Amino acid sequence: MSALLYIIGNAGCGKSSLTSAFKNWMQAHGYEAVTVNLDPGVEWLPYAPDIDVREWIRIDEVMRNYGVGPNGAQIVAADLLAVEVEKLRSAMEEYVADYYIVDTPGQMELFTLRSSSHVVVECLGRREAVLAYLFDPSLAKTPQGFISLVLQCLSAQFRLDLPCVSALSKADLISAEEREKILEWSREPEALYLALTSEGSLTATLSTELFRALESMQAYRELVPTSSETGEGIPDLYSAVQQVIYGSEDLSPD
Ligand SMILES: Nc1nc2c(ncn2[C@@H]2O[C@H](COP(=O)(O)OP(=O)(O)O)[C@@H](O)[C@H]2O)c(=O)[nH]1
Ligand SMILES: [Mg+2]
């Protein structure tokens, strides 16, 4: 059985870097990991993808064929993914993998909000599929930024209807205090609520009821701090994903 791990999050949050670091960690520990690039517009990646959507969809060709500019081409390309999904699946089936690590387009909404992604998720299979949502510390370090990311993560879960693990990316870039503050917000909705109210930024819409609803929807979960730079937290992220898919933390290599 192969797991499918979709790495999602805002532009620049570290998806491609984590795809690379996660693959390297898995290989070093005797697991078979296959990387899949789903971003047709990316010019450079920090890893050589095993499977690359750019083989079938190229932004420059989309611009020419559809008479659209670069932004329009990104949207057309995201939708074309649904058309090319059988090719993607065949390419994936050529590998025997413990994990397929799927690096999604830089702009998160191109993947999480378009119905073509639903087609992709459906075609590649839901059974062992998980989202890893990355919290970029530059956004997560303020209470307003943090709650916005929680809501965005929730929206991705609703849209794709898959279980999710959440990670704090680029943990090497923040101070110990900032890191502890962010992790506390992820453990204790009450702490985030207090931080928001003490800044006077809790509006009528961000009520205590909303926080209770987030808790009961399990939108709230502790973040796994990770760094693709130092490798910190990658084993913890792996354990969290294993836990979600298989209900146990370990998968022994064949
Ligand atoms: N220090 C540090 N920088 C990182 C880390 N992860 C990503 N970056 C940097 O953040 C930028 C965006 O990363 P990238 O993986 O391309 O983000 P993506 O747009 O989500 O795929 C790049 O300059 C990376 O080198 C990390 O764990 N630590
Ligand atoms: Mg990327």
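Provided above is the structure to which this section pertains.
Residues numbered from 1 in each chain as written. Chains lettered and ligands numbered in written order. Predicted model: local features only at pLDDT ≥ 70, side-chain atom pairs only at ≥ 80, totals over all residues.

Draft legend 1. Structural context of the overall build of the protein chain. Helix and strand content of the protein chain: twelve helices and seven strands. For a compact globule of 254 residues, the expected C-alpha radius of gyration is about 18 Å, and the protein chain comes in at 18 Å, within 12% of that figure. Along the first, second and third principal axes, the C-alpha atoms of the protein chain reach 50 × 50 × 30 Å. The buried share among the 254 residues of the protein chain stands at 39%. Considering only intrachain contacts with a sequence separation of at least 6, the fraction spanning at least 24 residues in the protein chain is 75%. (Helix = DSSP H or I, 4+ residues; strand = E, 2+ residues; numbered from the N terminus. Rg over C-alpha atoms; globule rule 2.2 N^0.38 Å. Buried ≥ 20, exposed ≤ 12 C-beta atoms within 10 Å, placed from the backbone. Contact = placed C-beta atoms within 7 Å.)

Draft legend 2. Structural context of the sheet that holds strand E5 (residues 129–135). Here seven strands make up an open sheet; going across it, the order is E3-E2-E4-E1-E5-E6-E7 and the pairing parallel. Lying at the two open borders of the sheet, with one neighbouring strand each, are strand E3 (51–52) and strand E7 (224–225). (Pairing = 2+ DSSP bridges.)

Draft legend 3. Quick look at the site of ligand 1. Contacts to ligand 1 come from 16 residues, most closely from Gly14, Lys15, Ser16, Ser17 and Glu229. A breakdown of the residues in the shell around ligand 1 according to their chemical character gives three nonpolar, nine polar and four charged. (Near = placed C-beta within 6 Å. Nonpolar A, V, L, I, M, F, W, Y, C, P; charged D, E, K, R; others polar.)

Draft legend 4. Molecular detail of the pairing of strand E2 (residues 33–37). With five of five residues buried, E2 lies mostly within the body of the structure. Burial along E2 is two-sided: the residues Ala33, Thr35 and Asn37 and Val34 and Val36 are all buried. Two elements, E2 and strand E4 (residues 99–103), share five bridges in a ladder whose sense is parallel. Bridge pairing links Ala33 to Tyr99 in E4. Bridge analysis of E2 against E3 gives two bridges, and the strand direction is parallel. In the sheet register, Val36 faces E3, and the bridge partner there is Ile51.

Draft legend 5. Structural detail: the packing of helix H3 (residues 70–83) against helix H6 (residues 115–124). Relative to each other, H3 and H6 sit at 30°, their axes nearing to 8 Å. Our classification of the angle between H3 and H6 gives roughly parallel. Crossing of H3 over H6 shows left-handed handedness. Contact with H3, carried on its side by Ala78, Asp79, Leu81 and Ala82, involves Ser116, Val119 and Val120 of H6 and no other residues of that element. (Axes fitted to C-alpha atoms, helices over the stretch in contact; angles between N-to-C directions. Parallel < 35°, antiparallel > 145°, perpendicular 65-115°, else oblique. Left-handed = near helix turned anticlockwise from the far one by under 90°.)

Draft legend 6. The arrangement of the nonpolar core in detail. Counting residues in hydrophobic clusters, the biggest one holds 65 residues, and the most contacted among them are Leu5, Ala132 and Val241. Beyond its immediate sequence surroundings of up to four residues, Val241 is in contact with Ala3, Leu5, Val130, Ala132 and Val165. (Core = buried A, V, L, I, M, F, W, Y, C linked by C-beta atoms within 7 Å.)

Draft legend 7. Region of interest: the environment of Glu178. Inspection of the secondary structure assignment puts Glu178 in helix H9 (residues 176–187). Spatially, the C-alpha atoms of Glu178 and Ala140 are 9.6 Å apart, while their sequence positions differ by 38 residues.

Draft legend 8. The arrangement of helix H1 (residues 15–28) in detail. Taking 1.5 Å per residue, 14 residues should reach 20 Å; H1 reaches 20 Å between its end C-alpha atoms and fits that length. Within H1, ten of the 14 residues are buried, leaving the element largely enclosed by the surrounding structure. If you check which residues of H1 are buried, you get Lys15, Ser16, Ser17, Leu18, Thr19, Ser20, Ala21, Phe22, Lys23 and Met26. Those residues of H1 that are buried lie in contact with strand E1 (3–8), E2, E4, E5 and helix H12 (234–246). Positioned one or two residues after H1, Gly30 has a phi angle of 85°, which is positive. (Expected span 1.5 Å × (residues − 1).)

Draft legend 9. Structural view of H9. Across its twelve residues, H9 extends 16 Å between first and last C-alpha, which sits within 8% of the 16 Å expected from 1.5 Å per residue. Three or more residues of H9 are buried, namely Ile182, Trp185 and Ser186. The buried side chains of H9 occupy one side of the element, clustering within an arc of 100° when seen end-on. Exposed side chains of H9 directed beyond 90 degrees from the buried face belong to Ala176, Glu177 and Glu180. Those residues of H9 hidden inside the fold are in contact with helix H7 (137–140), helix H8 (143–160), strand E6 (164–168) and helix H10 (189–198). (Arc of directions from axis to C-beta.)

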